[in-house]
Amino acid sequence: QSVLTQPPSASGTPGQRVTISCSGSSSNIGSNHVYWYKQFPGMAPKLLMYRNTQRPSGVPDRFSGSKSGTSASLAISGLRSEDEADYYCAVWDDSLSGVVFGGGTKLTVL
Amino acid sequence: QVQLVQSGAEVKKPGASVKVSCKASGYTFTNYDLNWVRQATGQGLEWMGWMNPISGNTGYAQKFQGRVTMTRNTAISTAYMELSSLRSEDTAVYYCARRDCSGGSCYLGVDYWGQGTLVTVSS
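Residues numbered from 1 in each chain as written. Chains lettered and ligands numbered in written order. Predicted model: local features only at pLDDT ≥ 70, side-chain atom pairs only at ≥ 80, totals over all residues. Heavy atoms only, no water.

## Examining the overall build of chain A
Phase 1: Secondary structure summary: chain A contains 0 helices and 9 strands in total.
Phase 2: Reading chain A from its N terminus to its C terminus gives the helix and strand order β-β-β-β-β-β-β-β-β.
Phase 3: A compact globule built from 110 residues would reach a C-alpha radius of gyration of about 13 Å, and chain A, at 13 Å, matches this within 12%.
Phase 4: Once the C-alpha set of chain A is aligned to its principal axes, its extents read approximately 40 × 25 × 25 Å.
Phase 5: Among the 110 residues that make up chain A, the fraction classed as buried is 47%.
Phase 6: When contacts within chain A are restricted to residue pairs at least 6 apart in sequence, long-range pairs at least 24 apart make up 58% of them.
Phase 7: Counting 9 positive and 7 negative side-chain charges, chain A places the averaged centre of each group 6 Å from the other. (Helix = DSSP H or I, 4+ residues; strand = E, 2+ residues; numbered from the N terminus. Rg over C-alpha atoms; globule rule 2.2 N^0.38 Å. Buried < 20%, exposed > 50% of the residue type's maximum accessible area, 1.4 Å probe, protein only. Contact = heavy atoms within 4.5 Å. Lys, Arg positive; Asp, Glu negative; His and termini not counted. Charge placed at Lys NZ, Arg CZ, Asp CG, Glu CD.)

The structure is reproduced here in structure tokens:
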């Protein structure tokens, strides 16, 4: 049972817009920055979004992040086949004094 | 470019200890905390703790308190994570990951990750 709640799966067709949610509490999302990671099978996670809305260089602007209260979202527009991967949200939790991750969302491009 | 290169796969027996290394390059090792995260096969990511390379200060997830030790050798820009009293449930890929810092400020997240080290615990 993860501290952050993500849908286990999401899907869309090429060109569509997909949103992945991440729900937490006042001790984590409500008070700290949210990070998003993309992971292909057998590979290390890679930073996709940092400090809620910032994209690292090399990440296309089809990806966007948002945060409101105790929830955050990752939106992917113009869905492409290479977007098919697992996506994780992460944030520091003040009560636990540690980083907590969502359970991950497996994105399928139909 | 920033690189975190980890040591190779390990096979250990229950009750043994394992020590995984993480060699940093492409940045000043002492300027960034290092975190350790693990992932069991087919499962999600689990944070284990962090270490400050200058002071050696550490912070461990409660689950691993008493079993994990994070250390470093600044002369060779390498961090270590040792996990003791291994059990089958510790079979996982272990990652080191650098703390997100920019413009003199550090934030409570990680940016760069190592390639991972598979630790298998089996009798």
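Still more to cover.
## What to know about the overall build of chain B
Phase 1: Broken down by element type, chain B carries 0 helices and 11 strands.
Phase 2: Reading chain B from its N end, one meets helices and strands in the order β-β-β-β-β-β-β-β-β-β-β.
Phase 3: In terms of overall dimensions, chain B is globule-like: its C-alpha atoms have a radius of gyration of 14 Å, near the 14 Å expected for 123 residues.
Phase 4: In terms of overall dimensions, chain B has C-alpha extents of about 45 × 30 × 25 Å along its principal axes.

## A look at the sheet that holds strand 7 (residues 68-73) of chain B
Hydrogen bonds along the backbone pair up the strands of a sheet, which may run parallel or antiparallel.
Residue and element names in this part refer to chain B.
Phase 1: With antiparallel pairing, the 4 strands of this open sheet are ordered in space as 1-3-8-7. At either margin of the open sheet sits one strand with a lone partner, and together these are strand 1 (3-6) and strand 7. Within the sheet, the average angular offset between the axes of one strand and its neighbour, ignoring direction, is 20°. (Pairing = 2+ DSSP bridges. Axes fitted to C-alpha atoms, helices over the stretch in contact; angles between N-to-C directions.)

## A word on the interface of chain B and chain A
Phase 1: Contacts between chain B and chain A engage 20 residues on the former and 18 residues on the latter.
Phase 2: Taken together, both faces of the contact between chain B and chain A bury some 1500 Å²; the carbon and sulfur share is 63%.
Phase 3: Taken as a group, B:Leu45, B:Trp47 and B:Leu108 account for 40% of the area that chain B buries against chain A, more than any other trio of residues on that side.
Phase 4: Between the two partners, chain B and chain A, sit 1 salt bridge.
Phase 5: As a salt-bridge pair, B:Asp100 and A:Arg51 come within 2.9 Å of each other at their nearest N and O atoms.
Phase 6: For the pair chain B and chain A, the number of links is 7 residue pairs in polar contact (both at pLDDT 80 or more). (Buried area = accessible area lost by both parts, 1.4 Å probe. Salt bridge = Lys/Arg side-chain N within 4 Å of Asp/Glu carboxyl O. Polar contact = N/O pair within 3.5 Å; in protein donor to acceptor, adjacent residues only side chain to side chain.)

## Digging into the environment of B:Met70
All names here are of chain B.
Phase 1: Locating Met70 in the fold gives a position in strand 7.
Phase 2: For the pair Met70 and Leu83, spaced 13 residues apart in the sequence, the C-alpha separation amounts to 8.9 Å.
Phase 3: If we ignore the near neighbours within four places in the chain, the residues touching Met70 are Trp36, Met48, Gly49, Trp50, Met51, Thr58, Tyr60, Tyr80 and Met81.

## Considerations on the nonpolar core
Phase 1: Counting 44 residues, the largest nonpolar core has A:Phe101, B:Trp36, B:Met48, B:Met81, B:Leu83 and B:Trp113 as its most contacted members.
Phase 2: Of all the elements, strand 9 (residues 92-102) of chain B adds the most residues to this core, at 6 residues.
Phase 3: Each residue touching B:Met81, except ones within four places of it in the same chain, is listed here: B:Val18, B:Lys19, B:Val20, B:Trp36, B:Met48, B:Val68, B:Thr69, B:Met70 and B:Tyr94. (Core = buried A, V, L, I, M, F, W, Y, C linked by side-chain atoms within 4.5 Å.)

## Examining unusual backbone geometry
Phase 1: For A:Arg51, which is not glycine, the phi dihedral falls at a positive 45°.
Phase 2: Residue position: A:Arg51 is located in the loop between strand 4 (46-49) and strand 5 (63-68).

## Quick notes on the pairing of strand 9 (residues 105-109) of chain A
Residues and elements named next belong to chain A.
Phase 1: Every second residue of strand 9 is oriented toward a common face, the buried set being Thr105, Leu107 and Val109 and the non-buried set Lys106 and Thr108.
Phase 2: Direction of pairing for strand 1 (residues 9-12) relative to strand 9: parallel, over a ladder of 4 bridges. Its bridge partner being in strand 9, Ala10 is matched across the sheet by Leu107.
Phase 3: Inspection of the sheet shows strand 7 (residues 85-93) paired to strand 9 by 3 bridges, in the antiparallel sense. From the neighbouring strand, Asp86 faces strand 9, where its bridge partner is Lys106.

By themselves, these observations are geometric and do not establish any function.
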